[in-house]
Amino acid sequence: MANDQSVRVRFAPSPTGKLHVGGARTAIYNWAFARANGGTFILRIDDTDPTRSTEENTQIILRAMRWLGLDWDEGPDVGGPYGPYKQTDRMDLYREAAERLVAEGKAYYCFCSPEKLAADKAAAEARHDPFQGYQRTCRNIDPAEAQARVDAGESHTIRIKVPLDRGDVVIHDAVHGEVTFNAKELDDFIIFRSDGTPTYNFATVVDDAMMGITHVIRGDDHLSNTPRQVMVYEALGAPVPTFAHISMILGADGKKLSKRHGATSVEEYRDAGFLSDAFVNYLALLGWAPDGETTIVPRDVLARTFSLEHVSKNPSTFDPKKLDWVQQQYVMTMSDADFAQTILVPELRKAGLEGEALSHEAHWYEVLASVLKPRTTMPADVVEKSRFLYAGDALEYDEKSVDKNLRKDYAPAALDAAREALAAVEPWEASAIDGALEPLPEATGINKRKFYGAVRVAECGNQVSPPMGESLELLGRDQVLARIDAAKALCGTAE
RNA sequence: GUCCCCAUCGUCUAACGGUCAGGACAUCGCCCUUUCAAGGCGAGAAAACGGGUUCGAAUCCCGUUGGGGGCACCA
């Protein structure tokens, strides 16, 4: 067993599906709690349900955890002193633990058939018995006789023997406080199935006990299982860890988050282009608040300041709009070079606008990054906003924009003035370009909005575009002048 | 049925017996402005209900209602 000084926590997903947002938040809290307390974060794969667990899902979960940036100190791939870290590799341990409990009289063999169990339960229901658990039929079979029946090959399960004098079970939950379960509710539940595999409530506790887990941070849905698990800890003679049951994550309709609410798995958010920092930030703050003000908590701050005291008891609704906002906050803190390298260029390549060999110098992408950054939430947003830069002479004009900005009597004069000024700008860079254009509306007597509107549509093909100076700088003087010439032809069609 | 959990703006939340119930997202308005953003300023918006306890309750207690979860040889 681990020494009881240091914090040891674990995240133990079942590989029966992808890692979903609720699980991700549980993982984040466990990780952050370990880091904030100088403890150990363990990843364990709870795959005792062989029919639903797959190796593929395990790999998907590991990949998702890595993407989230939640590094684990012990786990299936990195090993550790308390391995193995996959329940299917620990079957012998469960068997030994169960047999030890039987030998110590803390568990017993049960030979009741599923049919008898069902009948007992129906009878209890019929007489409105408040106790609907196992009737303890096999509890008093003589151990020697029971062993003989087992040896003879009779089908059996193993049940925990809840002490008759065990009083109410009181759980000290770090987020819920004291939770009391009535002793009468406890029944002698099955810890080992007739097929020789352990049940979840048993395997988990054996693992948590053997791995020296000090704090069990998990979903609310396990709260009602906790007294059962406490029985196992006590039978095992192991210290009961501190529990922290965190609430569930709901969809906008207040129902448990599911497919019909949209993306539910971590990898869907990754594929959509969310920054893992932003995603972790958002999830961490869904149900945890360091104070009433803070909205941005970078991962390293989370790892330093997370505490269970501030975890909320109420279920929280997943709000995609706020996730978007957090994402944008993170995007805006990126440097131009970083944005260019990690978001802009990859997206341009994905869209086929750039090939493996880049068409411009690094500086060009940084200028583009600087204007696109405050206009970007998702990485893919940059593509449409950059397209005009790659159109060359085949620029597509937005019909409505042309109508409103070029097919006007003032447009030719505006374009002529702009062309003359732009032909002479030195050096060819944003501030000089803006400086050269700036006096022209007044000089030509054309309203500012109209003037810039004409130039904008001529250069970008649309009345909505990134800022003028940078756009023209990126286009290059030759292309800028060529587009003005091309646009003048469009002006001619004015009525 | 039974046990357990939960209940502050639309959403995430702050406060931990005394505040005009604060912040953030979203919404709306204004400002900035050559478009779109970004940014700045501002507005509307909350204690589920009913009883107690207390000089005083969002905060403590009880009940009701409403949501959620467990009660499996699922995890």
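Residues numbered from 1 in each chain as written. Chains lettered and ligands numbered in written order. Predicted model: local features only at pLDDT ≥ 70, side-chain atom pairs only at ≥ 80, totals over all residues. Heavy atoms only, no water.

## With respect to the sheet that holds strand 7 (residues 190-192)
Quick reminder of the rule: Two strands are counted as paired when DSSP detects at least two bridges linking them. Helix numbers and strand numbers start at the N terminus; a helix is a DSSP run of H or I with at least 4 residues, a strand a run of E with at least 2. Fitted lines through C-alpha atoms serve as axes, helices being fitted only where they are in contact, and the angles separating the N-to-C directions of these axes extend from 0 to 180 degrees.
A sheet is described by the order of its strands in space; here three strands give the open sequence 3-4-7, paired in antiparallel fashion. Each edge of the open sheet carries a strand with a single partner, namely strand 3 (107-110) and strand 7. Within the sheet, the average angular offset between the axes of one strand and its neighbour, ignoring direction, is 45°. Direction of pairing for strand 3 relative to strand 4 (residues 157-160): antiparallel, over a ladder of four bridges. Across the sheet, residue Tyr 108 finds its bridge partner in strand 4, namely Arg 159.

## Brief notes about the protein's contact with RNA strand B
Spelled out, the test is: Residues are labelled near a given molecule or strand when at least one of their non-hydrogen atoms is within 4 Å of it. N or O atoms within 3.5 Å of each other form a polar contact, as long as, within protein, one can give a hydrogen and the other can take it, and as long as residues adjacent in sequence are counted only when both atoms are side-chain atoms. Nonpolar residues are Ala, Val, Leu, Ile, Met, Phe, Trp, Tyr, Cys and Pro. Charged residues are Asp, Glu, Lys and Arg, and all others, Gly as well, are polar.
Around RNA strand B, the surrounding shell holds 60 residues, and the nearest of these are Ser 14, Arg 193, Pro 374, Arg 375 and Arg 456. Sugar and phosphate atoms represent 70% of those atoms of RNA strand B found within 4 Å of the protein. Ser 194 is positioned such that a nitrogen or oxygen atom in its backbone is 2.9 Å from a base oxygen of RNA strand B. Broken down by secondary-structure element, the contributors of at least two residues to the surface near RNA strand B are helix 4 (114-126), strand 6 (177-181), strand 11 (316-317), helix 11 (320-333) and helix 19 (448-460). In terms of residues, the surface near RNA strand B owes the most to one element, helix 11, which gives five residues. Of the residues assigned to the surface near RNA strand B, the class counts are 20 nonpolar, 20 polar and 20 charged.

## Focus: the packing of helix 6 (residues 200-210) against helix 7 (residues 226-236)
The test is simple: Any angle from 65 to 115 degrees is called roughly perpendicular, while one under 35 is roughly parallel, one over 145 is roughly antiparallel, and all others are oblique. For any helix crossing, the convention is left-handed if the near helix is rotated counterclockwise from the far helix by under a right angle, and right-handed if that rotation is clockwise. The contact definition used throughout considers only heavy atoms, calling two residues in contact when any of these lie within 4.5 Å.
The interhelical angle for the contact between helix 6 and helix 7, taken along N-to-C directions, is 50°, at an axis separation of 9 Å. Looking at the two axes, helix 6 sits oblique to helix 7. Judged by the twist between their axes, the crossing of helix 6 over helix 7 is right-handed. Residues Tyr 200, Asn 201, Phe 202, Val 205, Val 206, Asp 208 and Ala 209 of helix 6 pack against Arg 228, Gln 229, Val 232, Tyr 233 and Leu 236 of helix 7.

## Here we look at helix 12 (residues 336-350)
Stated formally: Multiplying 1.5 Å by the residue count of a helix minus one yields the expected span of that helix. Two axes enter the definition of the bend at a residue: one is fitted to the seven residues ending there, the other to the seven starting there, and the bend is the angle between them. Categorising residues by exposure relies on relative accessible area from a 1.4 Å probe, with only protein chains included: less than 20% of the type maximum marks a residue as buried, more than 50% marks it as exposed, and the intermediate range marks it as partly exposed.
The terminal C-alpha atoms of helix 12 lie 20 Å apart, and with 15 residues this matches the ideal 21 Å at 1.5 Å per residue to within 8%. The largest bend in helix 12 amounts to roughly 35° and is located at Leu 344, with the proline Pro 346 lying one to four residues further along. When helix 12 is considered as a whole, its buried residues turn out to be Phe 339, Ala 340, Ile 343, Leu 344, Val 345, Glu 347 and Leu 348. Looking at the buried positions of helix 12, the neighbouring elements they touch are helix 11, helix 13 (362-372) and helix 14 (381-386). Gly 352 occupies a position one or two residues after helix 12 and carries a positive phi of about 80°.

## Focus: the environment of Arg 387
Topologically, Arg 387 is positioned in the loop between helix 14 and helix 15 (399-405). As for Arg 387 and Leu 348, which are separated by 39 residues in sequence, their C-alpha atoms are 8.9 Å apart. Each residue touching Arg 387, except ones within four places of it in the same chain, is listed here: Ala 351 and Leu 353. At a separation of 2.3 Å, a polar atom in the side chain of Arg 387 contacts the side chain of Glu 384.

## Here we look at the pattern of salt bridges
Selection rule: In what follows, salt bridge is the name for a side-chain nitrogen of Lys or Arg lying within 4 Å of a carboxyl oxygen of Asp or Glu.
A complete count under the given rule lists 33 salt bridges for this structure. We note a salt bridge from Asp 188 to Arg 136, for which the minimum N-O separation is 3.4 Å. Of the two residues, Asp 188 sits in the loop between strand 6 and strand 7 while Arg 136 sits in the loop between helix 4 and helix 5 (143-151), which places them 52 residues apart along the sequence. The class for Arg 136 is partly exposed, based on a relative accessible area of 23%. Here Arg 407 and Asp 403 are joined by a salt bridge, their closest N and O atoms 2.8 Å apart.

## Here we look at the layout of surface pockets
Heads up, the rule is: A cavity here means a set of points on a 1 Å grid, drawn over the protein atoms and nothing else, where a 1.4 Å probe fits but cannot get out; a pocket is an open set with protein on both sides within 12 Å along at least five of seven lines, and a residue lines either one if it has an atom within 4 Å of a point. Grid points are joined across faces, edges and corners, and a volume is the space filled by probe spheres set on the points.
Counted as a void, the largest pocket has a volume near 970 Å³. The wall of the largest pocket is formed by 37 residues, among which Ser 14, His 20, Gly 23, Asp 221 and His 222 lie closest to the centre. Looking at the lining of the largest pocket, the elements with two or more residues in it are strand 1 (8-11), helix 1 (21-36) and strand 8 (215-219). Ranked by the residues each element gives to the lining of the largest pocket, the list is headed by helix 1, at six residues. Its residues assigned to classes, the lining of the largest pocket comprises 12 nonpolar, 15 polar and 10 charged. Together, 17 residues line the second largest pocket, and Glu 384, Arg 387, Phe 388, Cys 460 and Asn 462 are the ones closest to its centre. Across the lining of the second largest pocket, the residue classes break down as eight nonpolar, three polar and six charged.

## Here we look at the packing of helix 19 against helix 20 (residues 468-475)
Contact geometry of helix 19 with helix 20 gives a least axis separation of 11 Å together with a crossing angle of 30°. Classified by the angle their axes make, helix 19 and helix 20 are roughly parallel. Considering the relative orientation of helix 19 and helix 20, their crossing is left-handed. Contact residues: helix 19 offers Tyr 452, Val 455, Arg 456 and Glu 459, while helix 20 offers Met 468, Leu 472 and Leu 475. For the contact of helix 19 with helix 20, the class distribution of residues is five nonpolar, no polar and two charged.

## Observations concerning the packing of aromatic side chains
This is how the line gets drawn: Only Phe, Tyr and Trp rings take part, Trp by its six-membered ring, and two of them pair if their centres are within 6.5 Å. Stacked means planes under 30 degrees apart, edge-to-face means over 60, and tilted covers everything else.
In this structure the tally under the stated criterion is 11 aromatic pairs. Considering the side-chain rings of Tyr 29 and Phe 306, the 5.0 Å spacing of their centres and the 35° angle between planes classify their relative orientation as tilted. You can see Tyr 29 sitting in helix 1 and its partner Phe 306 sitting in the loop between helix 10 (299-305) and strand 11, a full 277 residues away along the chain. Phe 306 carries the same exposure label as Tyr 29, and that label is buried. Measuring from centroid to centroid gives 5.8 Å for Tyr 269 and Phe 318, while their planes differ by 55°, and the two rings are tilted. Remark: Phe 318 occurs in the loop between strand 11 and helix 11 and Tyr 269 occurs in helix 8 (residues 266-272); sequence separation between them is 49 residues. Taken together through their ring pairs, the aromatic side chains of Trp 67, Tyr 269, Phe 274, Phe 279, Tyr 282 and Phe 318 make up a single cluster.

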